[in-house]
Amino acid sequence: MALEFIFPVAAAVLALTVFVVGDRLRPESWRQTSDEASGTLVLDLIKTFFTAVVAFVVVICWQQYQNAHNHTVAESKALVDTYLAAEGLPDTDRQRVQGLVRAYTEQVVGGEWAVMDAERKLSPVTQDTFDTLRASVTAVSSSDTATSDTRAEALAGLDQVAQARHDRAVDADRGVPRFLYLALFFGTVLLLLSPVLSGLRVTKRSVAMTALLGVVVGAAVLAIHNLDRPFSGGNVVPRDAYEYAQSRFEQIGDRSAKSAPATAIGAGDVPHR
């Protein structure tokens, strides 16, 4: 924090020193009768500084937002893979594992999204559900090779869920670095003061243009604020990936229910001639 203040102040002192010393050393023919040129130079620097900071912060925020959304997509895909893999487990284990997958997904979409918005962290309740899910898959034991392979596939899917969940926890607490916010605040103040620094007279046109400047600056700062936290604020990562996973659970369940009677008839009821 000390360096963030000392370095700009030192740069200002250096600039003033160079300016005063240079004024004494430069030829008389280089001198200007007014200070309009210096004012134009400063205003151009302020505009450039503000534009560069805004562009840099927006890029960082958008990258964080996209990464957070990609992590939700990866997690939802892994949940669907786990749900599909559980189809090959014995009935009791299959019902328990698939029920926990549905419960976990519902808790993520419901309670955990609100926790990330309010507290910028994941829900302990949802974490307990996931731990129970993983323990249930780990507890499946069978001498059947097919069941063992299915269990391994389900565990592989849960490993991907755990990795994506970890990434989502980091995303929920990630934001723009503080020094960039300080630079943005400093640039905003200077830009709003630019009409005064330029000596602009108060007329209808200048009032309208200054108001437009305020609108543009305010819109830029608001956009940055909304993009700052991917899971909180005005522009939250959507839950569409988990909602699609829930619809896939229903499709898989309906398909299993329709195929069950046919399997039972083929296995147990042999027609008599």
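In the block above lies the structure referred to throughout.
Residues numbered from 1 in each chain as written. Predicted model: local features only at pLDDT ≥ 70, side-chain atom pairs only at ≥ 80, totals over all residues. Heavy atoms only, no water.

Novice: Would you mind going over the overall build of the chain in detail, with residue names and values included?
Specialist: Broken down by element type, the chain carries eight helices and zero strands. Going from the N terminus to the C terminus, the chain shows its helices and strands as α-α-α-α-α-α-α-α. By the burial criterion, 31% of the 273 residues in the chain qualify as buried. Considering only contacts in the chain between residues 6 or more positions apart, those separated by 24 or more positions represent 79%. Summed over all atoms, the accessible surface of the chain reaches about 17,000 Å², with 62% contributed by carbon and sulfur. (Helix = DSSP H or I, 4+ residues; strand = E, 2+ residues; numbered from the N terminus. Buried < 20%, exposed > 50% of the residue type's maximum accessible area, 1.4 Å probe, protein only. Contact = heavy atoms within 4.5 Å. Areas by Shrake-Rupley, 256 points an atom, 1.4 Å probe, with all protein chains shown as cover.)

Novice: Residues and numbers for the side chain of Thr 150, please.
Specialist: Among the structural elements, Thr 150 can be located in helix α5 (residues 145-173). Among all residues touching Thr 150, those that are not within four sequence positions of it are Ala 85, Gly 88 and Leu 89.

Novice: Hey, could you go over the side chain of Thr 72 for me, with residue numbers and the actual values?
Specialist: You can see Thr 72 is positioned in helix α2 (residues 36-85). Judged by relative accessible area, which is 0%, Thr 72 ranks as buried. Those residues in contact with Thr 72, other than ones at most four positions away along the chain, are Trp 113, Arg 168, Phe 231, Val 237, Ala 241 and Tyr 242.

Novice: Got a sec to walk through the packing of helix α3 (residues 91-119) against α5? Specific residues and values, please.
Specialist: Contact geometry of α3 with α5 gives a least axis separation of 12 Å together with a crossing angle of 15 degrees. Overall, the two elements α3 and α5 adopt an arrangement that is roughly parallel. Seen along the crossing, α3 lies across α5 with a hand that is right-handed. Residues Tyr 104, Val 108, Glu 112 and Met 116 of α3 touch α5, and the partners they reach there are Val 161, Arg 165, Arg 168 and Ala 172. For the contact of α3 with α5, the class distribution of residues is five nonpolar, no polar and three charged. (Axes fitted to C-alpha atoms, helices over the stretch in contact; angles between N-to-C directions. Parallel < 35°, antiparallel > 145°, perpendicular 65-115°, else oblique. Left-handed = near helix turned anticlockwise from the far one by under 90°. Nonpolar A, V, L, I, M, F, W, Y, C, P; charged D, E, K, R; others polar.)

Novice: Summarise helix α7 (residues 204-228); cite the residues concerned and give the values.
Specialist: Between its first and last C-alpha, α7 extends 36 Å over 25 residues, near the 36 Å set by a 1.5 Å rise per residue. If you check which residues of α7 are buried, you get Ser 206, Val 217, Ala 220, Ile 224, Leu 227 and Asp 228. (Expected span 1.5 Å × (residues − 1).)

Novice: Explain the pattern of salt bridges to me, and be specific about the residues and the numbers.
Specialist: For the structure shown, the criterion picks out seven salt bridges. Note that Glu 75 is salt-bridged to Arg 168, the shortest N-O span being 2.9 Å. With Glu 75 in helix α2 and Arg 168 in helix α5, the pair connects residues that are 93 residues apart, well separated along the chain. Residue Glu 75 shares its accessibility class with Arg 168, and that shared class is buried. Here Arg 168 and Glu 112 are joined by a salt bridge, their closest N and O atoms 3.1 Å apart. Here Glu 112 lies in helix α3 and Arg 168 lies in helix α5, a separation of 56 residues in the sequence. Taken individually, Arg 168 and Glu 112 each receive the classification buried, so the pair is uniform in this respect. Linked by salt bridges that have partners in common, Glu 75, Glu 112, Arg 165 and Arg 168 make up one network. (Salt bridge = Lys/Arg side-chain N within 4 Å of Asp/Glu carboxyl O.)

Novice: I'd like a rundown of the packing of α3 against helix α4 (residues 124-138), residues and numbers included.
Specialist: Viewed as axis vectors pointing N to C, α3 and α4 meet at an angle of 165 degrees, and their least axial separation amounts to 9 Å. As the angle between them shows, α3 and α4 are arranged roughly antiparallel. For the pair α3 and α4, the sense of crossing is left-handed. Only Val 125, Thr 126, Thr 129, Phe 130, Thr 132, Leu 133, Ser 136 and Val 137 of α4 make contact with α3, whose side of the interface consists of Arg 96, Val 97, Leu 100, Val 101, Ala 103, Tyr 104, Gln 107, Val 108 and Glu 112. Here the contact of α3 with α4 is composed, by residue class, of 10 nonpolar, five polar and two charged.

Novice: Before we move on, could you go through the environment of Val 137 and cite the residues and values that matter?
Specialist: Secondary-structure assignment places Val 137 in helix α4. Taking the C-alpha atoms as reference points, Val 137 and Arg 151, separated by 14 residues in sequence, lie 6.6 Å from one another. Among residues more than four places away in sequence, those in contact with Val 137 are Val 97, Arg 151, Ala 154, Leu 155 and Leu 158.

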